[in-house]
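The primary structure of each chain is shown beneath.
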Amino acid sequence: MQEYIEIRGARENNLKDVTLKIPKRKIIIFTGVSGSGKSSLVFDTIAAEAQRLLNENFSMFVRNFLPRISQPEADDIKNLSMAVIVDQKPLGGGSHSTVGTVTDIATALRLMFSRFGKPYVGQANMFSFNDPAGMCPNCNGIGQKLSLDMEAAFDMSKSINEGALKLLDYQNDWSLKTIQYSRQFDVDKKLKDFNPEELEALYHAKPVKVDVGGVNLTFEGVVDKFVRKYINNDIKTMSERTQKSIGPLITMGPCELCHGARLNQKGIACKIDGYNIADLSSMQVDKLIEIVKRLDIKETHVLVKTVLERLSNLVGIGLGYLSLDRMTDTLSGGESQRVKMVKHLNGSLVDVMYIFDEPSVGLHPRDVHRLNELLWKLRDQGNTVIVVEHDPDIIKAADHIVDLGPLAGTGGGQVVFEGPYPELLKAKTLTGEHLKDHTSIKQVFRQPSGKLTVEDAHANNLQHVTVDIPAGVFTVITGVSGSGKSSLIHQVFLGQHPGAIVVDQSAVGTSSRSNPATYIGIMDVIRKAFAKANKVDAGLFSFNSKGACDNCKGAGFLTIDLSFFDHAKTPCDVCGGERFKDEVLTYKYHGRSITEVLDLTMAEANEFFDLPEIAGTLQALNDVGLEYLTLGQPLSTLSGGECQRIKLASELHKKGGVYVLDEPTTGSHMSDISRLHKIIDRLVEDGNTVITIEHNVDIIRRADWIIDLGPEGGDKGGKICFQGTPAELLKSKKTLIAEYL
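S.K.: Now, about the overall build of the chain: what can you tell me, with residues and values included?
M.R.: Regarding its fold elements, the chain presents 29 helices and 23 strands. Taken over the C-alpha atoms alone, the chain extends approximately 90 × 70 × 65 Å along its principal axes. Here the chain, with 741 residues, has 52% of them falling under the buried criterion. Considering only intrachain contacts with a sequence separation of at least 6, the fraction spanning at least 24 residues in the chain is 66%. Entry remark: accessible area of the chain is about 33600 Å², with carbon and sulfur atoms responsible for 51%. For the chain, the distance from the average site of its 83 positive side-chain charges to the average site of its 93 negative ones is 2 Å.

In structure tokens:
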């Protein structure tokens, strides 16, 4: 018999008394335009209540360490299971958290080495870089120490006499003469022509006395001398001139004792079939699988089986290009989410409610079917899988679809469709209509006004790539996850062309005191308009300044310390959450108080204000699809996609620049894509160059120029597979993306 999660009268944020029955142990996908209420229903109502009920089972002492979750605004919520939320928040964890530790694969590998490694070392903790028994004593298990940036310090295309040494000490004659008079080197030979022994001597020679024209001086390896003088001493105690000269030459480099392995010498010496645990951890997962299969340890079949199963799950979700020693804080939001999925796939819990937030983010069309298989696997284990998603290929995988709308913000918050995918295609909703849309491939292309060259790109897995990005047109960078797109653009292109405007998904503000109006710079104009209309000080119209309620200091709530209970936030009993003094609310502008103005959506504000200095900015916020946001919504509540669009709106007025957009379709409904096309066209028509990293085929079809990296991720990527127009891409046999256009 089918069981249901039952929700009655949900009113969180913009939800309008939503009543809903969600089938359990099925895949349920929530769709709708951005701001329609999907997250309010799934995360702020269903997930929040499930977590709150779970937390209530713990003792008061334990609850004091858990986040405080208030009861959602709803009349009734029944039949919830335990919720596991798999979102896009970065995993974090610093240098001690890696893909291996977070997926528990490292634990199984440590057990394997503790039992079957030779020579025998002891317990599994001897192979953990997070345990004092196993960590390298020199770098405390981090694997890196401050070191000299060799690329910045040496110009390999020059000889010593031509100025190959860019270090401060060798800008004077005496230090240079110690090298010349040591007679160990050909000082007119280019450094790139030195053999390994000569370079080793130049970098690390032990100190020797040298007679320089009758003066007794010491020659020492230039790298060792730099480390001794600057890295082993506190650089902050040196002169400002020295700090400025030395700072750019210092970087994090491998520890000289463990060479990045992070373990002590005992752990490094212990091997299975010639490999130590650090060797296996540094391999790409897809290569590591082949090695583990060949290991000559038959009796470890249970451990080997566990390791292989978990590695296969990583490959299955398209993360075969990662290595187990990859730090989790270097993963993108999409990669973080998929690593979390793998972690849960390995679990043995059933009848759990898994909640995913746009799991297709950062996923190449080739890998979407892998994600669907993973969702089916979770469902078939007896779990309820709830997904918030915009990708049509993921929506097709649903057993049941709930579409919210009809529009965003105050125009949304209602269930406009419930049912299977074939029925959604017939529905008269924005999602139903746009699922039938098909963007045509561009046939007429703009001509470039010049070129922006990226030379010898070799960051991460890039294979010494040189490529010309056409100026004055719209270029899309494509390729599977891990193929080198971000390395090419964010690390190399921006390094060589630092003037570019970057519009990415990083947070625009984490404080509840900042909002879209303050971020985009229109709040000052609004305050002055209020001040002029009422002949008072503009500072009164800021809850961070003179206008703040004296009781809550402009926060709108009071935090009550309940000793060993959780801190409780309660609305301020003086201002009632309005944040301003009563006196301020008596001042009006066109009949509205400052709080009423901050509650206006961007669309309403566009109609309300007659101030020419902010009209263009408000129009830009509407153009980028944020018409449903209110002027006063705290920036800390915005999603990654909304953060990106608010940044784009603040940069739209510039001309003749270079814009770099990082997956601008993230969090965008299908109906927003055509809007994004118009914005990009407008930027290019204004004389700008637009470069976008993107997987969305509708965006790729409308490009003037495409650069495809690959062919795969990791060490099988980093090459240019294709350069040309979308029409030429269709004929290409070398690219994976062509068949999805």
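S.K.: Before we move on, could you go through the side chain of Ser 281 and cite the residues and values that matter?
M.R.: By secondary structure assignment, the location of Ser 281 is in helix H11 (residues 277–281). Those residues in contact with Ser 281, other than ones at most four positions away along the chain, are Leu 109, Ser 323, Leu 324 and Asp 325.

S.K.: Explain the packing of helix H4 (residues 105–116) against helix H13 (residues 301–316) to me, using residue names and the numbers behind them.
M.R.: Close contact between H4 and H13 brings their axes to 9 Å; oriented N to C, the two are set at 150 degrees. Taken together, H4 and H13 sit at an angle that is classed as roughly antiparallel. In this structure, H4 crosses over H13, and the sense of that crossing is left-handed. Note on element contacts: H13 touches H4 through Leu 303, Val 304, Thr 306, Val 307, Arg 310, Leu 311 and Leu 314, opposite Ile 105, Ala 108, Leu 109, Leu 111, Met 112 and Arg 115.

S.K.: Please set out the sheet that holds strand E2 (residues 18–23) residue by residue, giving values where relevant.
M.R.: Pairing within the open sheet is antiparallel, and its 3 strands lie in the order E2-E1-E4. Across the chains shown, the open sheet's two edge strands, defined by having one partner strand only, are E2 and strand E4 (76–78). Neighbour-to-neighbour, the strand axes of this sheet turn through a mean angle of 5 degrees, independent of strand direction. One ladder, built from 5 bridges, connects strand E1 (residues 4–10) with E2; its direction is antiparallel.

S.K.: Describe the side chain of Glu 12, with residues and values.
M.R.: Positionally, Glu 12 belongs in the loop between E1 and E2. Buried and without a salt bridge, Glu 12 has Arg 11 as its closest oppositely charged side chain, separated by 8.3 Å. Setting aside chain neighbours within four positions, we find Glu 12 in contact with Ser 40, Asp 44, Thr 45, Pro 72 and Glu 73.

S.K.: So what about the sheet that holds strand E17 (residues 501–503)? Which residues, and what values?
M.R.: The strand order across the open sheet formed by 6 strands is E17-E20-E21-E16-E22-E23, and the pairing between neighbours is mixed. Since the sheet does not close on itself, it has two edges, and those belong to E17 and strand E23 (719–724), each with one partner. The sheet shows a mean angle of 15 degrees between the axes of neighbouring strands, direction not considered. Against the sheet, helix H27 (residues 670–685) contacts strand E16 (474–478), strand E20 (658–662) and strand E21 (689–693), and its axis sits at roughly 145 degrees relative to E21.

S.K.: Outline the pairing of strand E22 (residues 705–710), listing residues and values.
M.R.: Most of E22 is tucked away, with 5 of its 6 residues classed as buried. The pairing of E16 with E22 spans 4 bridges and is classified as parallel. Bridged to Val 476 within E22 is Ile 706. Sheet topology note: the E22/E23 ladder contains 5 bridges and is antiparallel. Each bridged residue has a counterpart across the sheet, and for Gly 710 the counterpart in E23 is Lys 719.

S.K.: Explain H27 residue by residue, including any values.
M.R.: In a regular helix each residue adds 1.5 Å, so 16 residues correspond to 22 Å; H27 covers 24 Å between its end C-alpha atoms and thus fits that length. Turning to H27, its buried residues are Met 670, Ser 671, Asp 672, Ile 673, Leu 676, His 677, Ile 679, Ile 680, Leu 683 and Val 684. Just past H27, the residue Gly 687 takes up positive phi, approximately 90 degrees.

S.K.: Requested: an account of the nonpolar core, with residues and values cited.
M.R.: Within the largest apolar cluster, 72 residues are counted, with the highest numbers of intra-cluster contacts made by Val 307, Leu 311, Leu 314, Leu 324 and Phe 356. In contact with Leu 314, other than residues within four places in its own chain, are Val 99, Ile 105, Val 285, Leu 319, Gly 320, Leu 324 and Val 342. Ranked by size, the runner-up nonpolar core spans 68 residues in total, among them Phe 474, Ile 520, Ile 646 and Leu 683.

S.K.: So what's going on with the layout of surface pockets? Residues and values would help.
M.R.: Roughly 950 Å³ of internal volume is contained in the second largest pocket. Counting residues per element, the ones that place at least two in the lining of the second largest pocket are helix H15 (368–380), helix H16 (392–395), helix H18 (430–435), H27 and helix H28 (697–701). At 4 residues, the largest contribution of residues to the lining of the second largest pocket is made by H27. Grouping the constituent residues of the lining of the second largest pocket by class yields 11 nonpolar, 17 polar and 11 charged.

S.K.: Tell me about empty space enclosed by the protein, residues and numbers included.
M.R.: Counting across every chain of the model gives 5 cavities of 30 Å³ or more. The computed volume of the largest cavity comes to approximately 70 Å³. Along its surface, the largest cavity is lined by Val 624, Gly 625, Arg 645, Pro 664, Ser 668, Asp 672, Arg 675, Leu 676 and Ile 679. Considering each element in turn, the lining of the largest cavity owes the most residues, 4 residues, to H27. The class makeup of the residues in the lining of the largest cavity is 4 nonpolar, 2 polar and 3 charged.

S.K.: So what's going on with H13? Which residues, and what values?
M.R.: Look at H13: 21 Å from first C-alpha to last across 16 residues, which is about the 22 Å you get at 1.5 Å a residue. All of the buried residues in H13 are Leu 303, Val 304, Val 307, Leu 308, Arg 310, Leu 311, Asn 313 and Leu 314. Its buried side turned inward, H13 meets helix H3 (99–102), H4, helix H12 (285–294), helix H14 (333–345) and H15. The positive-phi residue at the C-terminal boundary of H13 is Gly 318, with phi of around 85 degrees.

S.K.: Summarise the pattern of salt bridges; cite the residues concerned and give the values.
M.R.: Evaluation of the coordinates by the stated rule reveals 38 salt bridges. Of the charged contacts, one joins Arg 52 and Glu 56 as a salt bridge, the two residues approaching to 2.8 Å between their closest N and O atoms.

S.K.: Account for the environment of Cys 643, with residues named and values stated.
M.R.: With respect to the secondary-structure elements, Cys 643 resides in helix H26 (residues 640–651). Along the sequence, Cys 643 and Val 503 sit 140 residues apart, while their C-alpha atoms lie 9.1 Å from each other. In contact with Cys 643, not counting residues within four places along its chain, are Gln 505, Ser 506, Ala 507, Val 508 and Leu 638.

S.K.: Kindly report on the environment of Gly 411, identifying the contributing residues and their values.
M.R.: Mapped onto the elements of the fold, Gly 411 is located in the loop between strand E12 (400–405) and strand E13 (414–419). Note: C-alpha distance between Gly 411 and Leu 15 (396 residues apart in sequence) is 10.0 Å. Those residues within four positions of Gly 411 in sequence are excluded, and the remaining contacts are Lys 16, Gly 405 and Pro 406.

Calculation notes
- Residues numbered from 1 in each chain as written.
- Predicted model: local features only at pLDDT ≥ 70, side-chain atom pairs only at ≥ 80, totals over all residues.
- Heavy atoms only, no water.
- Helix = DSSP H or I, 4+ residues; strand = E, 2+ residues; numbered from the N terminus.
- Buried < 20%, exposed > 50% of the residue type's maximum accessible area, 1.4 Å probe, protein only.
- Contact = heavy atoms within 4.5 Å.
- Areas by Shrake-Rupley, 256 points an atom, 1.4 Å probe, with all protein chains shown as cover.
- Lys, Arg positive; Asp, Glu negative; His and termini not counted.
- Charge placed at Lys NZ, Arg CZ, Asp CG, Glu CD.
- Axes fitted to C-alpha atoms, helices over the stretch in contact; angles between N-to-C directions.
- Parallel < 35°, antiparallel > 145°, perpendicular 65-115°, else oblique.
- Left-handed = near helix turned anticlockwise from the far one by under 90°.
- Pairing = 2+ DSSP bridges.
- Salt bridge = Lys/Arg side-chain N within 4 Å of Asp/Glu carboxyl O.
- Expected span 1.5 Å × (residues − 1).
- Core = buried A, V, L, I, M, F, W, Y, C linked by side-chain atoms within 4.5 Å.
- 1 Å grid on protein atoms, 1.4 Å probe; cavity = no way out; pocket = protein on both sides within 12 Å on 5 of 7 lines; lining within 4 Å.
- Points joined across faces, edges and corners; volume = space filled by probe spheres on them.
- Nonpolar A, V, L, I, M, F, W, Y, C, P; charged D, E, K, R; others polar.

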